[in-house]
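# Observations on the model geometry
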Amino acid sequence: MTEFHNKPYTINIGTDDFKEMAAGNDLFVDKTSFISTLLGGGYKVTLITRPRRWGKTLNMTMLQYFFCVPVKSNGDIDEEEQSKRRDIFSKLKIGEHLDILENYLGKFPVIFVSFKEIKGNVYEATEMDVRELIYGLYETHEYLLYSDKLSEWQKDLFKKFMTKSFDLAELKNSLFHLSKMLYAHFGQKVFILIDEYDTPLNDWYALQLARETLSSAEDTYFQNVLGLFRGIFSSTLKGNDFLEKGVVTGILRVAKASLFSGLNNFGEDSILDDDYAEHFGFTEGEVNTLLHKSNIDKNPETALALKSWYNGYNIGGLTIYNPWSIMNCIQNRGKFKAYWVGTASTALIEQALVLDKFQEEMQTLIEGGSVDMIADPKMIFADIKSSPNALYNLLLFSGYLTAIKAKLAMDGITYLCSVKIPNYEVRGVFMTSLVQWIENKFKTDARGYRAFVTDLLSGDVLKFIETLKSYLEVSASYFDSGKYAELLYNGFMWGLFASSVNEDYFVEKERETGSGRADLLIIPKETAPFPFALILEYKIANKTEDLQTVAQSALDQIESKEYSSKIKAYKNVEKIIRVGLAFSGKDVAVAFN
């Protein structure tokens, strides 16, 4: 952790520029030991996959700032800037490695390119965005035009990139050409850093889930984009004699794309590997230091709640926290909410979580259970619709699940894993998706479902049941009976849970209270619009049972097992409403008091 010697500090949310953070007085976690780990690795090119907003770009800009030769506009080395960087890095963890500072700090040309803004579904637009990106990259090295170490043909080629007159073949070889020119100018091989390599392809995978079939135009788009990026990566990283080391980051390993096929000395590190575990995300010790620095640890309950909300990731035997959520929580003085899940498009996740075939497993995960899977870093994510295992791979590598157990399989490639939801924040995504699934089955929308829940919260149980009956009447016949009906009913109870969760209510499902577990407790806080607490218990009746009798038995269970005992401690609760529900097919009965 960087010490600020009692100087005031700022929290700069969303900054991916290491230079900006390190040169200022920002509160940040020192990850410079990543540099020594990278240099100690034996691979020429390393692909590192981590969930979004886990510090990938910040680490890449750190590498750029550390290795890059600082130059003036005329191409001469900027010795003043070089001295400034040495002063900064010598005070950080990497400063303990004097040999690395001496041999690597500011000694190499660096190419840094990020594809995180390249998105689209029309190939021409995607290619144009990549062209603009390459143009901007060449513009930062304009001093090469005046270098006496470049040949005339190299300068002519450079001018083509500066005037945006380069053809497709030159675009595909643009990073290779630039590395060759930088080598010629500096006499030193090049570090090539490619950030968020998979972003241009992720939207296409989401499209696969959203539609039953892809049109020929959509498939052509994907093949064209695939060809473009395969050409760029292959020429840049495969057999490039001017490459010192390459680092590529992304969220997913796009196996079908074969973007890295044929690369020699190519290493990978995912959330199932050990080598870079501590360098992405925050470790337990780093979080504790941040909490102490921001004075949040003065309240032990707050610190404990923070861990429940944002940790839970098991990587390389370490407990890792979501860094984006931790920094936002500190910025907001310990206010707990979903900071990470709403920061980017999650269309791929959202499309997957509402598919019928996955609901039984999704509810198991929501309840705190685990699911066994085969984790494959090279999984073909386009197969999510037809393969449950592909879905779990997507959720695992995207940060929506964590592996509580992982054992390398006999093939030496895949892992036998048990996975679960890591924390409260991510659980909210599953809960929201469950509500959407219930809304789809009930043929209603969020506004109608919310009004339906409000009927219950306000104590109008009869209206609530009347609406519930109408929902069940229009629900899919697929859920009329058997385990699928139970799946719908259980999901419905969870849906009530998710719809009621806000700052005005405590909501607990199957919580130990009295002498047993209540299916659902909804307890108002002092700010709640209605001062009524609710206890719900549900049962599934067979066709020979009287539905009303079963509902009454559910109500009797609430009474006999004293489920209301916990609620009596809340002085603001004016009334406890006990509701017994009985389901059978598309029928429901209620008993309440």
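As shown above, the structure is provided for reference.
Residues numbered from 1 in each chain as written. Predicted model: local features only at pLDDT ≥ 70, side-chain atom pairs only at ≥ 80, totals over all residues. Heavy atoms only, no water.

### Considering the overall build of the chain
Counting secondary structure elements, the chain contains 22 helices and 16 strands. By residue count, 54% of the 593 residues in the chain fall in the buried class. Contacts in the chain between residues far apart in sequence, at least 24 positions, make up 71% of those at least 6 positions apart. With an accessible surface of roughly 25,600 Å², the chain has 48% of that area assigned to carbon and sulfur atoms. For the chain, the distance from the average site of its 65 positive side-chain charges to the average site of its 79 negative ones is 1 Å. (Helix = DSSP H or I, 4+ residues; strand = E, 2+ residues; numbered from the N terminus. Buried < 20%, exposed > 50% of the residue type's maximum accessible area, 1.4 Å probe, protein only. Contact = heavy atoms within 4.5 Å. Areas by Shrake-Rupley, 256 points an atom, 1.4 Å probe, with all protein chains shown as cover. Lys, Arg positive; Asp, Glu negative; His and termini not counted. Charge placed at Lys NZ, Arg CZ, Asp CG, Glu CD.)

### Some remarks on the nonpolar core
Ranked by size, the top nonpolar core spans 96 residues in total, and within it Leu395, Phe430, Tyr449, Phe492, Leu496 and Leu581 carry the most contacts. In this structure, Phe430 is in contact with Leu353, Met362, Leu365, Ile366, Leu395, Tyr400, Leu401 and Ile421, ignoring residues within four places of it in sequence. Formed by 45 residues, the second largest nonpolar core is a distinct cluster that contains Leu47, Ile111, Phe229 and Val248. (Core = buried A, V, L, I, M, F, W, Y, C linked by side-chain atoms within 4.5 Å.)

### Side note on the packing of aromatic side chains
This structure, assessed with the given rule, holds 40 aromatic pairs. Relative to Tyr424, the ring of Trp309 lies with its centre 6.2 Å away and its plane at 85 degrees, an arrangement referred to as edge-to-face. With Trp309 in helix 13 (residues 300-310) and Tyr424 in helix 18 (residues 424-442), this pair connects stretches of sequence that are 115 residues apart. One aromatic cluster is present, formed by Phe18, Phe28, Tyr65, Phe66, Phe67, Phe89, Tyr104, Phe108 and Phe191 through successive ring pairs. Stacked on the ring of Phe506, the Lys or Arg Lys525 has its end atom at 4.7 Å from the ring centre. (Phe/Tyr/Trp six-rings, centres within 6.5 Å; stacked < 30°, edge-to-face > 60°. Lys NZ or Arg CZ within 6 Å of the ring centre and 35° of its normal.)

### What to know about the pattern of salt bridges
Inspection of every chain in the model, using the stated rule, returns 14 salt bridges. For Lys116, the salt bridge identified is with Asp16, shortest N-O distance 2.9 Å. Pair noted here: Lys116 is in the loop between strand 2 (110-114) and helix 6 (123-139) and Asp16 is in the segment before helix 1 (18-23), with a separation of 100 residues, a long-range link. Of the residues examined, Lys116 reaches a relative accessible area of 28% and is grouped as partly exposed. A salt bridge links Asp269 to Arg50; the shortest N-O distance between them is 2.9 Å. Residue Asp269 is located in strand 5 (residues 266-269), and its partner Arg50 is located in the loop between strand 1 (45-49) and helix 3 (56-67); the two are separated by 219 residues in the primary sequence. Each member of the pair, Asp269 as well as Arg50, is classed as buried. (Salt bridge = Lys/Arg side-chain N within 4 Å of Asp/Glu carboxyl O.)

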